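Each chain is listed here by its residues.
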Amino acid sequence: MVERYNNTAIALHWLIAMLVFAAFPLGVYMHDLPLSPTKLQLFSYHKWIGVTVFVLAVVRVVWRATHTPPALPDSISRLQQIGSHIVHGLLYVLLFAVPISGWLMSSAKGFKTVWFGVLPLPDLVGKDKALGTLLTGVHLSLNYMLLLLVVLHIAALIKHRFIDHDDVLTRMLPKWNRS
Amino acid sequence: MESLIILFRHTLLLSLLLLCSQVSALEFNRVQPNESTVTFDYKQMGVPLKGKFSKFSVQLSFDPANLTTAQARLEMDVASIDTGSADGDDAVVGKLWFNAKAYPTAGFVSTGLKTLGGNRYEATGKLTIKGKTLDIVAPVIFQADGSRGVFEGGFTIKRLDYAIGEGEWTDLGTVANDIQIKFHIVVNAAPGKK
């Protein structure tokens, strides 16, 4: 019997994963499209997803601060456990840093972020072309880091599942999907 | 004696009237282009954006004491548009938006001005964009400080009325139909004419 994360944590993990897997390719695809209504829509959807990820990340950190996650199995070496904590820690950081950099970049380019077209977020920086270019670079770099970490995250789960045959992945799977 | 008093009264009234009109017969007609702005606000996917016309010319004459002679003519260089979006600036002079090649200027010509009391007026005129002319009405506030006057006003147009945004851009869900145009025109009175 594996000790799992609770339902809230599991739901947050997979919801955020789905949103990140939607926003990332959307960002790659949309950024150099010629101007069209579709482009404007995709940019807005991308931003709305980003703000949603940010909000869910806040909830997740609150959950994490008020709960103890299930311990890793003893079969995992100390070094690997440290590595796992570092990757998870950085993933948390990026769940904030990526949306925030996108939000600031949008403000610097002169576009207020309006969540779902209804709720305007304040512009923390004014319109500034140079700053916009700089923040584009920051947003891009942070996303490459995120991509790298997600690849590591998935590689680790494959290793645990199919090489180590341990229950690390099961901890984050909903009960009905138990194998 | 009585008729003399009446005559005296009339003379007094007349001179008073004359005095009044003398005092306010200040014609504002020297537009200060560097201090004047023509801007517009619009929404895209619910996001408010601000744009402006960087190049425009205004001819204006306004005498607060004689509104019937008031005249204004505004001409905007369409290619000088700043949409508040770098992407937009390139696209917007194109055929689907302003078609700047065929219609290089957009303009406003006043047809009348009436007072709404105090320093508030209502200007009527014809607005031509992309070869299409429609009547508009704009509330205007005029504030004078000595020989320096400022007109402040605005009005809302529906972009599709002027075919601003054709084809796929007729979709109002992305770029809204309402465009709020605002003008701030600084105009000085000719000196020595009081």
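Residues numbered from 1 in each chain as written. Chains lettered and ligands numbered in written order. Predicted model: local features only at pLDDT ≥ 70, side-chain atom pairs only at ≥ 80, totals over all residues.

Caption draft 1: Examining the packing of helix α3 (residues 78-108) of chain A against helix α4 (residues 129-163) of chain A more closely. Residues and elements named next belong to chain A. Closest axis-to-axis distance for the α3/α4 pair is 8 Å, and the angle between their directions is 155 degrees. One element, α3, and the other, α4, form an angle in the roughly antiparallel class. As α3 packs across α4, the resulting crossing turns out to be left-handed. Here the contact of α3 with α4 is built from residues that sort into 18 nonpolar, 8 polar and no charged. (Axes fitted to C-alpha atoms, helices over the stretch in contact; angles between N-to-C directions. Helix = DSSP H or I, 4+ residues; strand = E, 2+ residues; numbered from the N terminus. Parallel < 35°, antiparallel > 145°, perpendicular 65-115°, else oblique. Left-handed = near helix turned anticlockwise from the far one by under 90°. Nonpolar A, V, L, I, M, F, W, Y, C, P; charged D, E, K, R; others polar.)

Caption draft 2: Region of the structure containing the environment of Leu142(A). Residue and element names in this part refer to chain A. When you line up the elements, leucine 142 lands in helix α4. Put simply, leucine 142 and glycine 102 are 40 residues apart on the chain and 10.0 Å apart in space, counted from C-alpha to C-alpha. Excluding residues within four positions of it along the chain, leucine 142 makes contact with Leu94, Ala97, Val98 and Ser101. (Contact = placed C-beta atoms within 7 Å.)

Caption draft 3: Expanded view of unusual backbone geometry. All names here are of chain B. For asparagine 99, which is not a glycine, the phi torsion comes out positive at approximately 50 degrees. Along the polypeptide, asparagine 99 turns up in the loop between α2 (86-92) and β7 (105-117). A positive phi angle, close to 55 degrees, is found at lysine 130, a residue other than glycine. Residue placement: lysine 130 occurs in the loop between β8 (120-129) and β9 (132-145). Looking at lysine 130, the number of C-beta atoms within 10 Å reads 17, which means it is partly exposed. (Buried ≥ 20, exposed ≤ 12 C-beta atoms within 10 Å, placed from the backbone.)

Caption draft 4: Looking closely at α3(A). Residues and elements named next belong to chain A. The end-to-end C-alpha separation of α3 is 44 Å, in line with the 45 Å expected for 31 residues at 1.5 Å each. Residue leucine 94 marks the point of greatest curvature in α3, where the axis turns by about 25 degrees. For α3, the set of buried residues is Leu94, Leu95, Val98, Pro99, Ser101, Gly102, Trp103, Leu104, Met105, Ser106, Ser107 and Ala108. Of the surrounding elements, those touching the buried residues of α3 are α1 (7-30), α2 (37-66) and α4. (Expected span 1.5 Å × (residues − 1). Bend = angle between axes of the 7 residues up to and from the residue.)

Caption draft 5: View of the packing of α2(A) against α3(A). All names here are of chain A. Between α2 and α3, the least distance of the axes is 9 Å, while the angle of their chain directions is 145 degrees. Every pair of crossing elements has a handedness; the one defined by α2 and α3 is left-handed. Counted together, Lys47, Gly50, Val51, Val53, Phe54, Ala57 and Val61 of α2 and Tyr92, Leu95, Phe96, Pro99, Ile100, Gly102 and Ser106 of α3 form the full contact between these two elements. Counted by class, the contact of α2 with α3 contains 10 nonpolar, 3 polar and 1 charged residues.

Caption draft 6: Examining the interface of chain B and chain A more closely. Each side of the interface is counted separately: chain B has 14 residues, and chain A has 12 residues. Of all the secondary-structure elements, those providing two or more residues to the side of chain B that touches chain A are β3 (47-53) and α2 of chain B. Residues of the side of chain B that touches chain A, tallied by class, amount to 5 nonpolar, 6 polar and 3 charged.

Caption draft 7: Broad picture of the pairing of strand β11 (residues 178-189) of chain B. Residues and elements named next belong to chain B. Of the two faces of β11, only the one carrying Ile179, Ile181, Phe183, Ile185, Val187 and Ala189 is buried; Asp178, Gln180, Lys182, His184, Val186 and Asn188 on the other face are not. In this structure, strand β1 (residues 28-31) lies alongside β11, joined through 3 bridges in antiparallel fashion. Paired with valine 31 across the bridge in β11 is valine 187. Pairing geometry for strand β10 (residues 148-158) and β11, over 11 bridges, is antiparallel. (Pairing = 2+ DSSP bridges.)

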